[in-house]
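Now for the letters of each chain:
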Amino acid sequence: MSKIEQFLNGKLQERKDNLSIRNLSVRQFPVDFCSNDYLGFARSVELKRLIDKTVATMPHYVTGAGGSRLLSGNTRYTEETEQFIAGFHQAESGLIFNSGYDANVGLLSSVPQRGDTIITDELIHASIIDGCRLSYATRYKFLHNNLNDLETKLKQSKGNVFVVVESVYSMDGDSAPLKEISNLCETYQANLIVDEAHATGIFGKKGEGLISQLNLSQKVFARIVTFGKAIGVHGAVILGSANLRHYLVNFARPFIYTTAAPIHNIIAIRSAYQLLDKIDHQLIHQKIGLFRKNIKEQNINALESESAIQGILFSSNGATKLAATALQNKGFDVRAILSPTVAQGKERLRICLHTFNTDEEIISLVEHLKELS
């Protein structure tokens, strides 16, 4: 066996030994409490109908991709969709990327420069961490949602300063204190960047996100909105000024050096936003409220969250995996989140609530969780 194969085997064995090894699976379970399809758009017959209707009106519809946006991959329809989405979120402009990962890496690796400072919440998404690593800027972390620690880091910062947070955190489901963070950024002349991946579709009158709900649209430098969660399709958009959009077109490598999304994907995004404008936005919050009420009544060890992401804490990787397997055997699609994805000792079941989960399914899930606690 070669040295590199020995290295690979050794690292994999470490994961097996601490029960954190990952494997791909095609197994599906009857009741979905796992996917990010919070509003049921990914399975929506109405969304498919809207997509098909638009496709039928396209005079020169092409199923595949043709090149990068800067070469042959740009269309008027794509640019119109970007402006439509920007208007929906009360932003000046937007630029579509092929994924939320690409968007975060593109933004953070290209805008902050050597001599600048990036300050991120310690629980920020891996894509933002990777973007920061590709930047020459200095990076500080502040304790999760801790305003005092953020202010300490702001006082240490130099150059153009960027504070990066998630409006709803993907593993804990809690929200950032965005108003207070915005005020600190204003005081210290820092630029606020907010990843709205798990707030889009859930918060705001029409699902515009927490930034819009809190009337902070004019207070942020950039927002990242991903389409693969509540929107039910694929891709992402960076929202900001027209100047930022033009800069990213010229300097964001994940945008420049990749094939553009096929027009069918852009049609799906636009159609999903049209559907977002029609749905009952209180339904998901009714489901969240029902779950929270029942876990409190059962005294289950859960993280505080008003979002569709709910975390049930366990003591170790092993205990969490056993709990997930027990629920899966009952037909519930619930997955274990293990260290090192989360901190050791904070392993949890990550439960995602959806508009299509029945009240009976939610109550039954909580009853089974009680048996495991």
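About the thresholds
Residues numbered from 1 in each chain as written. Predicted model: local features only at pLDDT ≥ 70, side-chain atom pairs only at ≥ 80, totals over all residues. Heavy atoms only, no water. 1 Å grid on protein atoms, 1.4 Å probe; cavity = no way out; pocket = protein on both sides within 12 Å on 5 of 7 lines; lining within 4 Å. Points joined across faces, edges and corners; volume = space filled by probe spheres on them. Helix = DSSP H or I, 4+ residues; strand = E, 2+ residues; numbered from the N terminus. Nonpolar A, V, L, I, M, F, W, Y, C, P; charged D, E, K, R; others polar. Salt bridge = Lys/Arg side-chain N within 4 Å of Asp/Glu carboxyl O. Buried < 20%, exposed > 50% of the residue type's maximum accessible area, 1.4 Å probe, protein only.

*Asks:* Hey, could you run me through the layout of surface pockets in this one?
*Replies:* Any empty space left between atoms is shown by rolling a water-sized probe over those atoms. Considering only enclosed or pocket space, the largest pocket measures out at about 680 Å³ in volume. Mapped by element, the contributors of at least two residues to the lining of the largest pocket are helix H13 (317-329) and strand E11 (335-337). For the lining of the largest pocket, the element with the most residues is H13, which contributes four residues. Of the residues assigned to the lining of the largest pocket, the class counts are nine nonpolar, seven polar and four charged. Considering only enclosed or pocket space, the second largest pocket measures out at about 480 Å³ in volume. Lining the second largest pocket are 19 residues, with Leu123, Met171, Thr341, Val342 and Ala343 sitting closest to its centre.

*Asks:* Just checking my understanding: could you explain the pattern of salt bridges for this structure?
*Replies:* Side chains that differ in charge, positive against negative, can pair when their charged atoms come close. Under the criterion given, the structure shown has 17 salt bridges. Close ionic contact of Lys11 with Glu14 constitutes a salt bridge, the shortest N to O distance being 3.5 Å. Here Lys11 and its partner Glu14 are both found in helix H1 (residues 3-17), three residues apart, which amounts to about one turn of the helix. Lys11 gets classed as partly exposed once you look at its relative accessible area, which sits at 43%. The exposure class assigned to Glu14 is partly exposed, which follows from its relative accessible area of 46%. Between Arg49 and Glu46 there is a salt bridge, with its nearest N and O atoms 2.8 Å apart. Residue Arg49 and its partner Glu46 are both found in helix H2 (residues 45-57); the two are separated by three residues, about one turn of the helix. Given a relative accessible area of 41%, Arg49 falls into the partly exposed group. Each of the salt bridges in this network shares a partner with another, and the network as a whole consists of Asp32, Asp37 and Arg43.

*Asks:* Quick question: what am I supposed to make of empty space enclosed by the protein here?
*Replies:* For the structure on display, the rule yields one cavity of 30 Å³ or more. The computed volume of the largest cavity comes to approximately 90 Å³. Along the walls of the largest cavity sit Arg69, Thr78, Ile96, Phe97, Asn98, Phe255, Thr258, Ala260, Ala261 and Ile266, which together make up its complete lining. Its residues assigned to classes, the lining of the largest cavity shows six nonpolar, three polar and one charged.

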